[in-house]
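Survey of secondary and tertiary structure
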Amino acid sequence: MSAQQELSKKRDRFYLVSHTRTGLTTKTTTTTTTTKTTTTPSPTTTTTTNTGTPTSATSTTTATGTIPSATVHPTATPGTWQTFTASGSSVQYKVYTPSKYSSSQKVPLIMMLHGCTQNMNIFSDSTQYAGLAEAQNFIVVFPSQSTSVANSCWKWYDPTSQKRGGGDAAVLAGIITSVKGNGKWNIDNSRVYVGGLSAGAAMAAVMGATYPDYFTAIAVGSGLEYGAGTSASTLSLTQGGPAPATQGQAAFNAMGSYARSVPVLVFHGTGDYTVYPLNGDQVVEQYLVTDNLAAPNSGLNTAFGGGASSTDHGGQDITGSTSKSSGSVSGGYTYTVYTWNDNAGARVQYYKIDTMVGFG
């Protein structure tokens, strides 16, 4: 599969997330869907099947506390939800299997990472990925950070989690391994993706560097570059991380012997005063450097000029991209798309969304 195909598939699926969470569409949800829950003999697995009856969903109680349930999207999803606990961790995750799934056919796998103060239930509801998985026949997994972690944030800033085999990175990679090795799902190894929003987006950027052999492409929505911070300090949220050239080299180093050029899809709003727009620019610049180091003969265009700064929130127009286009959503925002190509096609793509605010 070409880099352009990889980005196209990721964009189609992740774009709905950006629209839903940020108001790019005007559609709102006020009803809920009944769920029928049965617990399997394993104490760490719960199976949930949506029935489509308007009512409230239930909460999942674990040893680390209660994970609040979210409003279930009113469009009934006839597939099956199953909830697991990650091996050696208190992190839970739930997996959606579409009703038309058959083990005789290999299907894509997408991991979606929530932001701070969220969990797998809130994020799966707000992104509506079950409906998308049902329509396009792929498996989607939503991990939920332990409630023992402050604000339930993925620890993208933790030096241990910024290395292969350590912290949250190891837990999330272990979930991918478990889903692929479960025996229930026949996953296409050439179509495994990770995307996230806010802290989850920053963690997705980390996963692209620490486990490039696990993921076909990554998506970063209102996130930060790899290694943008080394503590829970919010300074990098407003001022950005170190120089992208430095972090591009650091991310390449983190790849180790698994180094490869990773297709990246970035979303960021110019009105984001939580994770400043400078960070979106830095994700792009960092991965242009990283991908070029990983595949120096790929012909990747690494030119990047303009952009935002910590003092110039809107910033200047970005220059250097292979192509640039613009669009708008009826009743929503306008946006500009910048694409950087290599010899195979699109490698890094950046949706800069006018006046869109942050995720918190």
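Residues numbered from 1 in each chain as written. Predicted model: local features only at pLDDT ≥ 70, side-chain atom pairs only at ≥ 80, totals over all residues. Heavy atoms only, no water.

In the nomenclature of an unreviewed UniProt entry, the protein corresponds to Carboxylic ester hydrolase from the organism Mortierella isabellina. Listed under Sequence similarities (unreviewed entry) in UniProt, the entry text for the protein is "Belongs to the carbohydrate esterase 1 (CE1) family." If you open the UniProt record of the protein and go to Subcellular location (unreviewed entry), you find "Secreted". (UniProt positions renumbered as here; feature names shortened; annotations may be inferred.)

This part takes up the state of the cysteines. Under the definition given, this model contains 1 disulfide. Paired by a disulfide, C116 and C153 hold their sulfur atoms 1.9 Å apart. The S-S bond linking C116 to C153 shows a torsion near 130°; that makes this disulfide right-handed. Residue C116 is located in the loop between β7 (107-113) and α2 (120-127), and its partner C153 is located in the loop between β8 (139-144) and α4 (167-181); the two are separated by 37 residues in the primary sequence. Of the two residues, C116 and C153, both sit in the buried class. (Disulfide = S-S within 2.5 Å. Helix = DSSP H or I, 4+ residues; strand = E, 2+ residues; numbered from the N terminus. Buried < 20%, exposed > 50% of the residue type's maximum accessible area, 1.4 Å probe, protein only.)

Here we take up the nonpolar core. In terms of nonpolar packing, the biggest core is built from 65 residues, with W156, I175, M203, M207, F215 and W340 touching the most fellow members. When neighbours within four sequence positions are excluded, F215 is seen to be in contact with I176, V192, Y193, V194, M207 and R260. Grouped together as the second largest cluster of nonpolar side chains are 16 residues, W81, M112, A130 and Y193 included. (Core = buried A, V, L, I, M, F, W, Y, C linked by side-chain atoms within 4.5 Å. Contact = heavy atoms within 4.5 Å.)

Once the charged atoms of two side chains with opposite charge are near each other, the side chains can pair. According to the stated counting rule, one finds 5 salt bridges in the structure shown. Close ionic contact of D342 with R347 constitutes a salt bridge, the shortest N to O distance being 3.0 Å. Classification of R347 by relative accessible area gives buried; the value is 8%. (Salt bridge = Lys/Arg side-chain N within 4 Å of Asp/Glu carboxyl O.)

With 15 residues, α4 extends 21 Å between its outermost C-alpha atoms, agreeing within 8% with the 21 Å of an ideal straight helix rising 1.5 Å per residue. Along α4, the residues classified as buried are D168, A169, V171, L172, A173, I175, I176 and V179. On its buried side, α4 packs onto β6 (92-97), β7, β8, β9 (187-197) and α5 (199-210). Positioned one or two residues after α4, G183 has a phi angle of 95°, which is positive. (Expected span 1.5 Å × (residues − 1).)

Taking 1.5 Å of rise per residue, the 12 residues of helix α7 (residues 244-255) would be expected to cover 16 Å, and the 16 Å separating its terminal C-alpha atoms lies within 8% of that figure. Buried within α7 are the following residues: P244, Q247, G248, A251, A254 and M255. Looking down the long axis of α7, one finds its buried residues gathered within 120° of arc, a one-sided arrangement. Summarising the contacts, the buried residues of α7 are in contact with α5 and α8 (277-294). Positioned one or two residues after α7, G256 has a phi angle of 60°, which is positive. (Arc of directions from axis to C-beta.)

Another aspect to go through is the layout of surface pockets. Roughly 290 Å³ of volume is contained in the second largest pocket. As for the second largest pocket, its lining consists of 17 residues, and the residues nearest its centre are C116, C153, W156, T234 and L237. (1 Å grid on protein atoms, 1.4 Å probe; cavity = no way out; pocket = protein on both sides within 12 Å on 5 of 7 lines; lining within 4 Å. Points joined across faces, edges and corners; volume = space filled by probe spheres on them.)

Between α5 and α7, the shortest axis-to-axis distance is 7 Å and the interhelical angle comes to 55°. Taken together, the axes of α5 and α7 are oblique relative to one another. Across the interface between the two elements, G208, A209 and T210 from α5 touch A251, A254 and M255 from α7. When its residues are assigned to classes, the contact of α5 with α7 shows 4 nonpolar, 2 polar and no charged. (Axes fitted to C-alpha atoms, helices over the stretch in contact; angles between N-to-C directions. Parallel < 35°, antiparallel > 145°, perpendicular 65-115°, else oblique. Nonpolar A, V, L, I, M, F, W, Y, C, P; charged D, E, K, R; others polar.)

What follows concerns the packing of α4 against α5. Between α4 and α5, whose axes approach to 10 Å, the crossing angle comes to 75°. In terms of orientation, α4 and α5 fall into the roughly perpendicular class. Touching D168, A169, L172 and A173 of α4 are M203, M207 and T210, all from α5. Residue composition of the contact of α4 with α5, grouped by class: 5 nonpolar, 1 polar and 1 charged.

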